[in-house]
Amino acid sequence: MADRYRRILLKLSGEALAGGGDGGIEPEVLNRVAGEVAGLVRDGVEVGLVIGGGNIFRGAELVASGLDRVTGDQMGMLATVINALALQSALAGAGCDAVVLTAFPVGTLAEPFDRNRAVAHLAARRVVIFAAGTGNPFFTTDTAASLRAIEIGADVLIKATKVDGVYAADPVTHPDAEHYPELSYDEVISRELAVMDITAVVLCRDHRLPLRVMNVNRPGALQAVVQGEAVGTLVTEGGKR
């Protein structure tokens, strides 16, 4: 077993909170994720979290029909704030302190992002939920996750998905698709594998930040990743840890 991680950044898609539904927030999923994260904190792990907003708003179709892209991205950033507040409440219910830091001011709903403040919260064993993406249009929450992970000095960026890592093709439609236990950043980029967007992967590569892709719906998988077990797919500079 590899060394356990002490500080992590967990990237969770908004769709993950919807469970099997088409949108919204499924309370059972929300509480399960909060419970697993709270368990990590009790074990001494410092947890930062970036959450998407796709379960509430996805602007691609509206943009395609004429909505301004900047407006669509701003709406998506606001959706991440809604998810972050829901997760903060669920974490409190699980007995875990959490704070929401946003990339732009949202009044009294959350604190504005500040790196030093974020690190201080982590050191005090509070979960820090980073919302509103990077605060800029044209950048995904994947890129926000890489950026925040680098800023807080995370040991690893964990991308929580609905499948057990990275495959050569969609394993849902291609059950025989090859699973990659390890990859390099450059392999992900050159093969155009659907791990994270290219900007996010390049940030990880340039700052040598390990990226682990795992199935958030698999019980115990998150704990196993933090303990350093070979779960899902690990992306590093050389493809090996």
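Check the entry above for the structure.
Fair warning: this is a prediction, and the values are worked out from it, not measured in the lab.

Visitor: Even after reading the chapter, I still don't get the overall build of the chain, so can you show me in this structure?
Guide: Summing up its helical and strand segments, the chain has nine helices and eleven strands in all. Expected size for 241 residues packed as a compact globule is a radius of gyration near 18 Å; at 17 Å, the chain falls within 12% of this value. Projected onto its principal axes, the C-alpha coordinates of the chain cover approximately 45 × 45 × 35 Å. When each of the 241 residues of the chain is scored for burial, the buried share is 49%. Put simply, of all contacts in the chain between residues at least 6 apart along the chain, 73% involve residues at least 24 apart.

Visitor: I'm lost on the layout of surface pockets in this one. Help?
Guide: A water-sized probe, rolled over the atoms, reveals where empty space remains. Empty space within the largest pocket amounts to approximately 1,100 Å³. Along the walls of the largest pocket sit 45 residues, with Glu15, Arg58, Thr140, Thr141 and Asp142 positioned nearest its centre. At the level of secondary structure, the elements contributing two or more residues to the lining of the largest pocket comprise α1 (14-17), α3 (60-64), α4 (69-93), α6 (141-152), β6 (156-161) and β7 (166-167). Looking at the lining of the largest pocket, the element that brings in the most residues is α4, giving six residues. Its residues assigned to classes, the lining of the largest pocket shows 18 nonpolar, 17 polar and ten charged.

Visitor: How should I be thinking about the environment of Val128 in this particular structure?
Guide: For Val128, the position within the fold is in strand β5 (residues 127-131). On the accessibility criterion, Val128 (0% relative accessible area) is buried. For the pair formed by Val128 and Ala118, sequence separation is ten residues and the distance between their alpha carbons is 6.7 Å. In contact with Val128, not counting residues within four places along its chain, are Val47, Gly48, Leu49, Val99, Leu101, Ala118, His121 and Leu122.

Visitor: Would you mind showing me how to read the packing of aromatic side chains here?
Guide: Under the criterion given, the structure shown has one aromatic pair. An angle of 70 degrees between the planes, with centres 5.8 Å apart, marks the rings of Phe113 and Phe130 as edge-to-face. Taken together, the residues Phe113 in the loop between β4 (111-112) and α5 (115-123) and Phe130 in strand β5 connect sequence positions 17 residues apart. On the basis of relative accessible area, Phe113 is assigned to the partly exposed category, the value being 23%. Its relative accessible area of 3% is what places Phe130 among the buried residues. Over the aromatic face of Phe113 sits the side chain of Arg148, whose NZ or CZ is 3.8 Å from the ring centroid. The positively charged end of Arg191 is found above the aromatic ring belonging to Tyr180, 5.3 Å away from the centroid.

Visitor: Whenever I open this one, the pairing of strand β1 (residues 7-12) confuses me. Can you help?
Guide: The side chains of a regular strand alternate between the sheet's two faces. Buried residues dominate β1, accounting for six of its six residues. In β1, alternate side chains face the same way, and those of Arg7, Leu9 and Lys11 on one face and Ile8, Leu10 and Leu12 on the other are all buried. Alignment of β1 against β6, held across five bridges, turns out to be parallel. Across the sheet, the residue bridging to Ile8 is Val156, located in β6.

Visitor: So what exactly am I meant to see when it comes to the side chain of Lys11 here?
Guide: Note on placement: Lys11 falls in strand β1. The class for Lys11 is buried, based on a relative accessible area of 3%. Separated by 3.4 Å, the side chains of Lys11 and Asp142 make a polar contact. Apart from residues no more than four positions distant in its own chain, Lys11 is found in contact with Val50, Thr141, Asp142, Ala145, Leu157, Ile158, Lys159 and Ala160.

The rules behind these values
For every chain, the first residue of the written sequence is number 1, and numbering continues from 1 onward in sequence order. Thresholds applied to this predicted model are a pLDDT of at least 70 for local features of residues and 80 or more for the giving and counting of side-chain atom pairs; totals over whole chains, interfaces and linings are not thresholded and use all residues. Think of the side-chain values as coming from all heavy atoms in the structure, minus any hydrogens and water. In DSSP terms, a helix is any run of H or I states spanning at least four residues, a strand is any run of E spanning at least two, and both are numbered starting from the N terminus. Note that the radius of gyration is over C-alpha atoms, with the globule rule given as 2.2 Å times the number of residues to the power 0.38. Buried residues are those whose accessible area, probed at 1.4 Å on protein chains only, stays under 20% of the maximum for their type, while exposed residues exceed 50% and partly exposed ones sit between those limits. When checking whether two residues touch, look at their non-hydrogen atoms; a contact exists if any pair is within 4.5 Å. Throughout, the protein atoms alone are placed on a 1 Å grid, and a set of points is a cavity if a 1.4 Å probe fits but cannot get out or a pocket if it is open with protein on both sides within 12 Å along at least five of seven lines; lining residues have an atom within 4 Å of a point. Grid points are joined across faces, edges and corners, and a volume is the space filled by probe spheres set on the points. Throughout, the ten residues Ala, Val, Leu, Ile, Met, Phe, Trp, Tyr, Cys and Pro are labelled nonpolar, Asp, Glu, Lys and Arg are labelled charged, and all others, Gly among them, are labelled polar. Note on aromatic pairs: the rings of Phe, Tyr and Trp (six-membered ring only in Trp) are paired at centre separations within 6.5 Å, and the planes decide the class, stacked below 30 degrees, edge-to-face beyond 60, tilted for the rest. In our convention, an over-ring charge means Lys NZ or Arg CZ found within 6 Å of a ring centre and within 35 degrees of that ring's normal. Pairing between two strands is assigned when DSSP locates at least 2 bridges connecting them. In protein, a polar contact means a hydrogen-donor-capable atom and an acceptor-capable atom, both N or O and within 3.5 Å, with residues adjacent in sequence counting only if both atoms are side-chain atoms; elsewhere, any N or O pair within 3.5 Å suffices.

Worth remembering: the numbers are spatial, not functional.
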